[in-house]
Amino acid sequence: MSRTTRLLIDQRFIGAEQIKTDESVSILTHDVFKNWNLMLDWYKGFKSNPCEPRKRELLKRLLFDQLSTSIYLLDSPVVVIFKWPNRELRHFLVTKNGNLIEANDSSMWDRWFPFLQTESGQLKQINIPSNANTLDLEQMVWSQESNNYSHFLFDFFSPLSFLVNHSSFREYSNKFILPYFSDMTWQREFFDLIPSLRLRNMRENFYGDFLIMRPRKLLIPMIPHKCLSTHYLRDFLNSTDLVSGKSHQILNCESRLIMITRYDLRRKRIRNIDVLESIVKKHGGLLLEASTLTIGQKKQIMCKAQICIGESSALQNFALFAPINARIISLLDPTILVDDLYILGGWPYMQYFSSRTSHIVGSDHQPLPGSPLGSCVYDENIFKSLIRKYI
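Residues numbered from 1 in each chain as written. Predicted model: local features only at pLDDT ≥ 70, side-chain atom pairs only at ≥ 80, totals over all residues. Heavy atoms only, no water.

1. Concerning the packing of helix α7 (residues 273–282) against helix α12 (residues 380–390)
Step number 1: Axis separation between α7 and α12 bottoms out at 11 Å; the angle between their running directions is 20°. In terms of orientation, α7 and α12 fall into the roughly parallel class. Crossing angle aside, the handedness with which α7 passes α12 is right-handed. The segment α7 lies against α12, with V275, L276, I279 and V280 engaging E380, F383, K384 and I387.
Step number 2: Across the contact of α7 with α12, the residue classes break down as six nonpolar, no polar and two charged. (Axes fitted to C-alpha atoms, helices over the stretch in contact; angles between N-to-C directions. Helix = DSSP H or I, 4+ residues; strand = E, 2+ residues; numbered from the N terminus. Parallel < 35°, antiparallel > 145°, perpendicular 65-115°, else oblique. Left-handed = near helix turned anticlockwise from the far one by under 90°. Contact = heavy atoms within 4.5 Å. Nonpolar A, V, L, I, M, F, W, Y, C, P; charged D, E, K, R; others polar.)

2. Let's talk about the side chain of N99
Step number 1: By the element assignment, N99 lies in strand β7 (residues 99–101).
Step number 2: Within polar-contact distance, the side chain of N99 engages the backbone nitrogen of Q11 at 3.3 Å.
Step number 3: Contact partners of N99, with chain neighbours within four places excluded, come to D10, Q11, F13, D22, L93 and V94. (Polar contact = N/O pair within 3.5 Å; in protein donor to acceptor, adjacent residues only side chain to side chain.)

3. Quick word on the layout of surface pockets
Step number 1: The computed volume of the second largest pocket comes to approximately 240 Å³.
Step number 2: As for the second largest pocket, its lining consists of 15 residues, and the residues nearest its centre are L62, N104, K226, L344 and P348.
Step number 3: Of all elements in the fold, only α3 (53–63) and α11 (347–350) reach the threshold of two or more residues within the lining of the second largest pocket.
Step number 4: Here the lining of the second largest pocket gets three residues from one element, more than from any other, and that element is α3.
Step number 5: Taken together, the residues that form the lining of the second largest pocket break down as eight nonpolar, four polar and three charged. (1 Å grid on protein atoms, 1.4 Å probe; cavity = no way out; pocket = protein on both sides within 12 Å on 5 of 7 lines; lining within 4 Å. Points joined across faces, edges and corners; volume = space filled by probe spheres on them.)

4. Let's talk about the pairing of strand β6 (residues 89–94)
Successive residues of a regular strand alternate their side chains across the two faces of the sheet.
Step number 1: The buried fraction of β6 is high, at six of six residues.
Step number 2: Residues L89, H91 and L93 point to one face of β6 and R90, F92 and V94 to the other, with burial holding for every one of them.
Step number 3: Looking at chain direction, strand β5 (residues 78–83) and β6 are connected through six bridges and run antiparallel. Counterpart to V78 in the pairing with β6 is V94.
Step number 4: If you look at the hairpin formed by β5 and β6, you'll find five residues sitting between the two strands, and R87 has a positive phi there, around 75°.
Step number 5: Bridge count for β6 against β7 is two bridges, and the pairing is antiparallel. (Buried < 20%, exposed > 50% of the residue type's maximum accessible area, 1.4 Å probe, protein only. Pairing = 2+ DSSP bridges.)

Here's what the structure looks like:
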């Protein structure tokens with residue numbers, strides 16, 4: 001049996017009210033969000049929310065929880081990074097005094113990590129292999145990196161974009177490194193938008209499933225509220241020049257009706273996709289394959305959209321660039337309405353667009369091997385009537 005090193009946990013939390021009791025953490029900024037008109041817009045979306053009443057009420061409570069942004073400076077914390085076989089990462093940021101800083105829904109996934117030791121339902125320690133590679137660093141910025149496009153955008157990049165635009169970051173600009181662990185072209189596009197952070201690729205530092213980092217100082221931006229994460233990300237992308245100096249082709253698109261489509265396995269999630277695409281084309285719409293476009297091209301195409309159609313995360317990723325009054329038609333897998341991992345982990349991102357969203361819930365649901373979501377048929381008459389209503 002391999003030997004392990006125990007990292008003891010006192011508490012797990014994220015809020016500034018709790019973290020201010022930790023002497024190893026300085027709160028550089030903590031701002032409560034007070035845009036009541038925008039929050040009212042989010043709340044209006046519950047009228048069309050197709051979730052069952054109990055889950056809808058849960059989402060309503062979450063809507064007004066942790067409506068704030070913060071930037072923390074930590075002295076001598078420990079960052080534990082676990083790598084799945086598919087190269088996806090899970091991070092554990094523990095302060096010098098043993099407090100785990102994380103998103104408030106992270107505990108839902110605890111059962112997937114056998115190295116987490118709990119007592120009476122409370123996390124007490126993280127058991128790390130003694131031979132895990134450990135890096136001692138000076139100053140670093142931290143955010144929850146992911147290879148998944150949506151989680152990269154909303155959980156990783158959104159807090160970073162908030163950080164680099166905040167006045168409290170000026171004295172740290174170009175002094176702190178930002179570790180990252182993959183080298184995908186689409187990620188590099190986003191990194192180019194935050195040049196004030198010094199990037200360092202550390203994927204070669206993994207010698208096994210774990211990597212431990214012990215920085216002397218660590219900056220972490222926190223946006224615990226998922227609607228706020230969408231809000232700040234959308235503001236950043238729409239106020240940033242994503243075109244000048246880039247090598248990608250400038251697209252001239254005047255279509256007001258856009259459907260986000262796919263040509264990989266995920267296309268099978270919509271079994272009558274050919275019929276729906278035909279309806280879009282008959283109404284003068286444009287079909288877009290998400291993976292073929294740069295972020296600059298997405299912005300060029302979507303900035304004049306009147307109707308945006310799609311399923312799952314591809315829809316919300318493109319809706320970021322649509323005008324604030326654009327209508328959204330969401331093709332919704334019914335699994336999302338019953339599974340708490342989707343209700344708590346993903347739905348709140350789309351709540352930002354909810355007052356302008358019409359949902360078509362799929363029928364005849366069937367499992368789709370290799371996909372977390374299944375395969376459904378979507379009502380063609382409802383689909384057609386919504387397009388005609390909003391066009």
